[in-house]
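# Remarks on the overall topology
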Amino acid sequence: MINLLVIGTIAYDSIESPFGKVENVLGGSALHFTNAASFFTDVGIVAAVGRDFDLKDIKFLEERNVDIRGISIEEGNTFRWEGRYGYDLNQAITLKTELNVIERFKPHIPDDYLSADFIFLANIDPELQTYVIDQIKRPAIIVLDTMNFWIENKFSALMDAVKKVDMIIVNESELREMTKEYSLVKAARKIMELGPSCVVVKRGEYGVFMAERNGLFLAPAFPLEEVFDPTGAGDTFAGGFMGYLANVGNVNPETIKQAIIMGSVMASFNVEDFGINRIKRLGYDEIKDRYTAFKRCLNFGDIKFK
Ligand code: AMP
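Residues numbered from 1 in each chain as written. Predicted model: local features only at pLDDT ≥ 70, side-chain atom pairs only at ≥ 80, totals over all residues. Heavy atoms only, no water.

### A closer look at the environment of Asp235
Residue placement: Asp235 occurs in helix α8 (residues 233–248). Asp235 sits 202 residues away from Phe33 along the chain, and the two C-alpha atoms are 4.8 Å apart. Ignoring any residue separated from it by four or fewer positions in sequence, one finds Asp235 in contact with Gly28, Ser29, His32, Phe33 and Asp145. (Helix = DSSP H or I, 4+ residues; strand = E, 2+ residues; numbered from the N terminus. Contact = heavy atoms within 4.5 Å.)

Below, the structure written as structure tokens:
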């Protein structure tokens with residue numbers, strides 16, 4: 001029985017950064033997410049791949065209890081994304097997006113997935129996100145991610161989906177583009193007026209900003225010596241975040257803050273190698289050690305005032 005359902009893309013990514021170049025490596029929002037979340041809970045993944053996809057490449061996920069019955073193989077090619085980073089690794093420049101099989105994708109969601117308590121609508125066509133929301137059995141915590149491609153091409157469908165979810169997780173530039181507000185506080189408030197009760201904003205190497213109805217929270221990113229490829233860091237963050245929450249089974253301002261730290265720990269690994277490679281070979285002990293190192297960076301004694 002799965003605890004966490006994700007729908008999103010499985011992709012072949014071609015990525016260029018100042019530190020190297022790779023072609024057609026495994027990626028996609030749902031795959032990066034699942035790779036991280038599967039350390040914490042039982043995940044069911046819904047995505048489409050083309051006839052060119054070799055399911056053996058994701059066999060390792062089944063060893064982490066991931067249920068892949070929701071992956072459908074469709075006529076045509078797998079989704080492809082090409083992106084480039086300059087020295088500002090926080091900003092991906094999309095060179096090409098080939099939707100391929102996801103253009104006509106109408107997911108068949110296994111019945112038992114629909115009673116999962118935690119649902120993550122990873123970055124994919126917002127019409128598909130709504131198609132999933134409408135089938136979910138309540139109560140469930142539904143969280144949505146998106147990106148500029150959908151904000152620019154399917155804005156009203158995206159807003160319809162946002163109104164129906166409990167929480168959104170987006171990049172800061174995407175939140176500004178969605179709300180036409182510069183202040184993250186104002187922008188988050190605008191989203192909360194639509195329905196969601198919590199907005200989590202990913203700020204790349206500057207960490208995370210979170211707003212909920214009664215407060216704000218800030219977390220830095222873990223400082224790394226080597227950063228190769230930030231692709232998928234956002235989805236990996238979301239995987240650690242949702243995986244942690246689904247494992248704890250209880251969503252409140254305190255567990256949301258802990259989940260942000262766990263998401264940040266997972267994202268810090270993702271950027272250390274291209275594609276999904278680093279998280280694929282990650283061990284649970286490494287997660288614990290990085291959490292300890294992260295916590296040490298956040299600790300300081302109370303300042304005494306006169
Ligand atoms: P991020 O975590 O934001 O770096 O997400 C990167 C992943 O998103 C890559 O592995 C891409 O395959 C995938 N991606 C890129 N563009 C899109 C899109 N328009 N819709 C869904 N997924 C995408």
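### Some thoughts on the site of the ligand
The environment of the ligand is made up of 18 residues, and the closest members are Asp13, Gly28, Asn123, Gly232 and Asp235. Asp13 is positioned such that a nitrogen or oxygen atom in its side chain is 2.5 Å from an oxygen atom of the ligand. Interatomic distance of 3.0 Å between a side-chain N/O atom of Trp150 and a nitrogen atom of the ligand. Elements with a contribution of two residues or more to the shell around the ligand: β2 (11–17), β6 (79–84), α4 (148–153) and α8. Looking at the shell around the ligand element by element, the count peaks at three residues for α8. The class makeup of the residues in the shell around the ligand is eight nonpolar, eight polar and two charged. (Near = heavy atom within 4 Å. Polar contact = N/O pair within 3.5 Å; in protein donor to acceptor, adjacent residues only side chain to side chain. Nonpolar A, V, L, I, M, F, W, Y, C, P; charged D, E, K, R; others polar.)

### Some points on the packing of aromatic side chains
The full count for this structure, using the stated rule, is seven aromatic pairs. Each ring, one from Phe33 and one from Phe120, has its centre 4.4 Å from the other, and the planes form 5°; the classification is stacked. In this pair, Phe33 sits in helix α1 (residues 29–37) while Phe120 sits in strand β8 (residues 118–121), placing the two residues 87 residues apart along the sequence. Neither Phe33 nor Phe120 differs from the other in exposure class; each is buried. (Phe/Tyr/Trp six-rings, centres within 6.5 Å; stacked < 30°, edge-to-face > 60°. Buried < 20%, exposed > 50% of the residue type's maximum accessible area, 1.4 Å probe, protein only.)

By themselves, these observations are geometric and do not establish any function.
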